[in-house]
Amino acid sequence: MNNLNSIKPSRVWKFGSQIDTDTLAPGAYMKYSIDVIAKHVLESVRAEFASEVQPGDVMVAGPGFGVGSSREQAAGVLVHLGVKAVIAPSYSGLFFRNAFNLGLLLLTCPRAEELQDAELVLLSGQRLQKANGEPLECEPIPAFLMDMVEHKGLMNVLKLKMKNT
Amino acid sequence: MKHAQTLAQKIIAKASAKDAVVPGEIVNCAVDLAMFHDSSGPRRLDPWLKELGAKIWDKNKVVLVLDHYVPARDADSEQIVQITRKVAQEWKLPHVIDSEGICHVVLPERGHLRPGLFCVGGDSHSPTGGAFGCYMFGIGATEMLGVVVTGEIWLKVPQTLQMNWSGKLQKGVCAKDMALHMIATLGMNGGQYQAVEFAGSAVKALGMQERMTLSNMSAELGAQAGLIAADEITKDYLMGVGVRPEQMEDLDWWHTDEGAQVSSWNFDASHLAPQVAAPHSPANTKDVGEHVGQRIDVAYIGACTGAKLEDLRAAAQVLKGQKISSSVKLMVAPASLRDQEQAQREGVMQSLLEAGAVLLPNSCGACAGYGASFDEGQTVISSTARNFKARMGPASVQVFLGSPWTVAASALRGVISDVREVLA
């Protein structure tokens, strides 16, 4: 199968480069639970995102997504809001680890910025296509990280491990 | 002959129990030390450990530091602090450092770090530990759960970017300026999550805390770790904090071999001017001359990056016998209680307070943005590491980053100033 037409398309929310952890999970709300922090996600750059994003939507951004702090709530808020994946040319290495540990798929796509706001894309596993069927190459993700996405994070992987030992 | 290896490769090979590792290879490493704090630690880990029915793999290898929410400013923060203390007792943790300073500074001052160790920290500035020749990097709370349950973590063996600094720094120019200059040159993702290693005569000439500043800001360089090979200065520091000679027998082994594969960057310390990063990115750095005259409301000396003993001494050299500008509020939050006490003994604290500084607690304070922060519309010059929009207060706050020398000189004149002119 070459296209992903049977997949429900995802709406693109487009952001700039170097979106930092403090913009994703503002420090002043870090003492609260994830649902509260999620209300303030990206509020200093795009205030309507938190209330309008729908489960299954994807985020597209420029290079350096997730730079800054180790706070995994920066990825956690996106999982909480049902974001299906982030698509960007590069990520902060620390954010990259945190995202997969929470089951959030990050696609490293050199052509990410060709995608436009509100455009529809098709995404299944690691495969990404524009709505017209044109594939967008992404860097391959190691199997153990895809496993974490499938199990919705390291916590569930650890649970399985402990059950089996 | 054995293949030439980088310092990073040597530490990772040891931690993964392999003879040698190659960049790009994914390995599992045994963790020698795991550090976490009141935000990333017990409040997150305890419920998960209970859910898993798991225990900490080795309490002796864990250090808990209370530094982000202390002193508690409100009921929510107080609750986090109480939970942290309660859990620390339940877990019977042998190493807890409570309200005595910032994790990255108190960790080495208690002798927890030494060359060759493989360490993780629940904080992004964990590469600070690299100044002691250990491979240390930051991870999130869920990944820390994996570490405390299994004692292991996966790692993609990094390449090494060697930052060679020749020459000699001018008076009033310091490690913070070197760090900002590298971030401006390479960008915030320039480190590409590889290992950077700081080397050369200008690095060797730095004291341990200045080296910590370089390693600390490896985070802003986008590196996973920021290493400095151990030498006599390292050894002296370690002896001073109680590391035993037999724990340092292999000290000479922990360096990058001649001929090991690295990509090199060359910098000249002699011609480096004080550096200032304009809002809202550390990469937005230029020579101080570009910003001289910029009016400021607040001068802030704080954080693991910029309020260690050596930072306080620098600020005191500028401010001794002087008064800060009446239009500026100068705040000083010494990075650790021990540093503050030593600064008191040396008359450094007195010089700062007499100049008009307000003393703040030994904690992350305004830098983390978790509690105390700056007011709407204020312009700040800060010795901290990050000036992201809305990190240290409302989005209208403009934060410039500079060295403690530059912050002190700017407090004196009420505008961003070139400390070399003030000292002249």
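Treat the numbers as computed from the prediction; the structure is a model and nothing was measured.

Student: Kindly report on unusual backbone geometry, identifying the contributing residues and their values.
Tutor: The omega torsion across B:Val70 and B:Pro71 is -15 degrees, close enough to zero to call that bond cis. Here B:Pro71 shows up in the loop between strand E3 (62-66) and helix H3 (75-91). A positive phi angle is found at A:Leu42, which is not glycine, with a value near 60 degrees. Here A:Leu42 shows up in the loop between helix H2 (34-38) and helix H3 (49-52). Its 21 C-beta neighbours within 10 Å are what place A:Leu42 among the buried residues. At B:Ser99, a residue that is not glycine, the phi angle is positive and equals roughly 60 degrees. Mapped onto the fold, B:Ser99 is located in the loop between strand E4 (96-98) and helix H4 (103-109).

Student: Hey, could you go over the domain arrangement of chain B for me, with residue numbers and the actual values?
Tutor: Residue and element names in this part refer to chain B. Each assigned domain of chain B is listed here: domain 1 (7-268) and domain 2 (273-419). Each partner contributes to the interface: domain 1 provides 37 residues, whereas domain 2 provides 35 residues. When contributions to the side of domain 1 that touches domain 2 are tallied by element, the ones reaching two or more residues are H4, helix H6 (175-186) and helix H8 (208-216). Across the side of domain 1 that touches domain 2, the residue classes break down as 14 nonpolar, 15 polar and 8 charged.

Student: Which residues make up the sheet that holds strand E8 (residues 160-166) of chain B, and what are the values?
Tutor: All names here are of chain B. With parallel pairing, the 4 strands of this open sheet are ordered in space as E10-E9-E8-E11. Each edge of the sheet is formed by a strand with only one pairing partner; in this case those strands are strand E10 (225-227) and strand E11 (263-268). Neighbour to neighbour, the strand axes of the sheet diverge by 20 degrees on average, direction disregarded. Alignment of E8 against strand E9 (residues 195-199), held across 5 bridges, turns out to be parallel.

Student: Which residues make up the packing of helix H7 (residues 154-163) of chain A against helix H5 (residues 141-150) of chain B, and what values go with them?
Tutor: One way to put it is that H7(A) packs onto H5(B) with a least axis distance of 9 Å and a crossing angle of 20 degrees. Between H7(A) and H5(B), the angle falls in the class roughly parallel. Contact with H7(A), carried on its side by A:Leu154, A:Met155 and A:Leu158, involves B:Thr142, B:Glu143, B:Gly146 and B:Val149 of H5(B) and no other residues of that element.

Student: So what's going on with the packing of helix H11 (residues 309-319) of chain B against helix H14 (residues 404-413) of chain B? Which residues, and what values?
Tutor: Any two packed helices are characterised by how steeply their axes cross, that is the angle between the axes, and by the distance between the axes. All names here are of chain B. In the contact formed by H11 and H14, the axes pass within 8 Å of each other and the chain directions differ by 30 degrees. Here H11 is positioned roughly parallel relative to H14, judged by the angle of their axes. In this structure, the crossing between H11 and H14 has a hand that is right-handed. Seen from H11, the contacting residues are Asp-311, Ala-314, Ala-315, Val-318 and Leu-319; seen from H14, they are Pro-404, Trp-405, Val-407, Ala-408, Ala-409 and Leu-412.

Student: Break down the nonpolar core for me, citing the residues and quoting the values.
Tutor: A:Val86, A:Ile87, B:Ala34, B:Cys119, B:Tyr135, B:Ala315 and B:Leu352 are the most contacted members of the largest nonpolar core, which totals 191 residues. Looking at which element gives the most residues to this core, the answer is H11(B), with 7 residues. Each of domain 1 (7-268) and domain 2 (273-419) of chain B accounts for three or more of the residues forming this core. In this structure, A:Val86 is in contact with A:Met59, A:Ala61, A:Phe65, A:Leu78 and A:Leu106, ignoring residues within four places of it in sequence.

Student: I'd love a proper account of the environment of B:Ala408, names of residues and values included.
Tutor: Residues and elements named next belong to chain B. The residue Ala-408 is located in helix H14 in this model. We classify Ala-408 as buried; it has 35 C-beta atoms within 10 Å. Separated by 75 residues in the primary sequence, Ala-408 and Ala-333 place their C-alpha atoms 13 Å from one another.

Student: Talk me through the pairing of strand E6 (residues 135-138) of chain B; I want residue IDs and the actual numbers.
Tutor: Residue and element names in this part refer to chain B. Judged by which residues are buried, E6 turns out to be covered on both faces: Tyr-135 and Phe-137 on one side and Met-136 and Gly-138 on the other are all buried. Pairing geometry for strand E5 (residues 118-121) and E6, over 4 bridges, is parallel. Its bridge partner being in E6, Phe-118 is matched across the sheet by Tyr-135.

Student: Please give an account of the sheet that holds E3(B) that cites residues and values.
Tutor: Note: strands within a sheet are paired through backbone hydrogen bonds, in either parallel or antiparallel orientation. All names here are of chain B. Taken together, 5 strands build an open sheet; the order of strands is E4-E3-E2-E5-E6 and the sheet is parallel. The open sheet has two free edges, formed respectively by E4 and E6, since each of these has just one partner strand. Neighbour-to-neighbour, the strand axes of the sheet open up by a mean angle of 15 degrees, direction not taken into account. Inspection of the sheet shows strand E2 (residues 33-37) paired to E5 by 3 bridges, in the parallel sense. The residue of E5 that forms the bridge with Ala-34 is Val-120.

Student: I'd like a rundown of the interface of chain B and chain A, residues and numbers included.
Tutor: The interface of chain B with chain A comprises 35 residues on the first partner and 32 residues on the second. When contributions to the side of chain B that touches chain A are tallied by element, the ones reaching two or more residues are helix H2 (42-52), H3 and H5 of chain B. Among the elements that take part in the side of chain B that touches chain A, H5(B) stands out by supplying 5 residues, more than any other. Residue composition of the side of chain B that touches chain A, by class: 15 nonpolar, 14 polar and 6 charged.

Student: Account for helix H4 (residues 73-80) of chain A, naming residues and giving values.
Tutor: Residue and element names in this part refer to chain A. Here H4 lies mainly inside the structure; 6 of its 8 residues are buried. Looking at H4, one finds that the buried residues are Gln-73, Ala-74, Ala-75, Gly-76, Val-77 and Leu-78. On its buried side, H4 packs onto helix H1 (21-24), H2, strand E3 (85-88) and helix H5 (93-101). One or two steps after H4, the chain reaches Gly-82, where phi turns positive at roughly 85 degrees.

Student: Go over the pairing of strand E4 (residues 105-108) of chain A with me, naming the residues and quoting the values.
Tutor: Residue and element names in this part refer to chain A. Two strands pair when backbone bridges link them, and E3 and E4 are joined in this way by 4 bridges, in the parallel orientation. Considered in E4, the bridge of Ile-87 is made with Leu-107. Handedness of the crossover is the feature at issue here: the chain leaves E3, passes through H5, returns alongside E4, and the resulting connection is right-handed.

Student: Outline the environment of B:Pro127, supporting the account with residue identities and numerical values.
Tutor: Residues and elements named next belong to chain B. Here Pro-127 lies in the loop between E5 and E6. Take Pro-127: there are 31 C-beta atoms within 10 Å of it, and that puts it in the buried class. Through-space distance from the C-alpha of Pro-127 to that of Ser-215 is 5.7 Å; in sequence the pair is 88 residues apart. Excluding its chain neighbours within four sequence positions, the residues that come into contact with Pro-127 are Met-136, Phe-137, Ser-215, Asn-216, Ser-218, Ala-219, Ala-223, Ala-225 and Gly-226.

The rules behind these values
Residues numbered from 1 in each chain as written. Chains lettered and ligands numbered in written order. Predicted model: local features only at pLDDT ≥ 70, side-chain atom pairs only at ≥ 80, totals over all residues. Helix = DSSP H or I, 4+ residues; strand = E, 2+ residues; numbered from the N terminus. Buried ≥ 20, exposed ≤ 12 C-beta atoms within 10 Å, placed from the backbone. Domains from an automatic or database assignment. Contact = placed C-beta atoms within 7 Å. Nonpolar A, V, L, I, M, F, W, Y, C, P; charged D, E, K, R; others polar. Pairing = 2+ DSSP bridges. Axes fitted to C-alpha atoms, helices over the stretch in contact; angles between N-to-C directions. Parallel < 35°, antiparallel > 145°, perpendicular 65-115°, else oblique. Left-handed = near helix turned anticlockwise from the far one by under 90°. Core = buried A, V, L, I, M, F, W, Y, C linked by C-beta atoms within 7 Å. Right-handed = clockwise from strand over helix to strand, strands pointing away.

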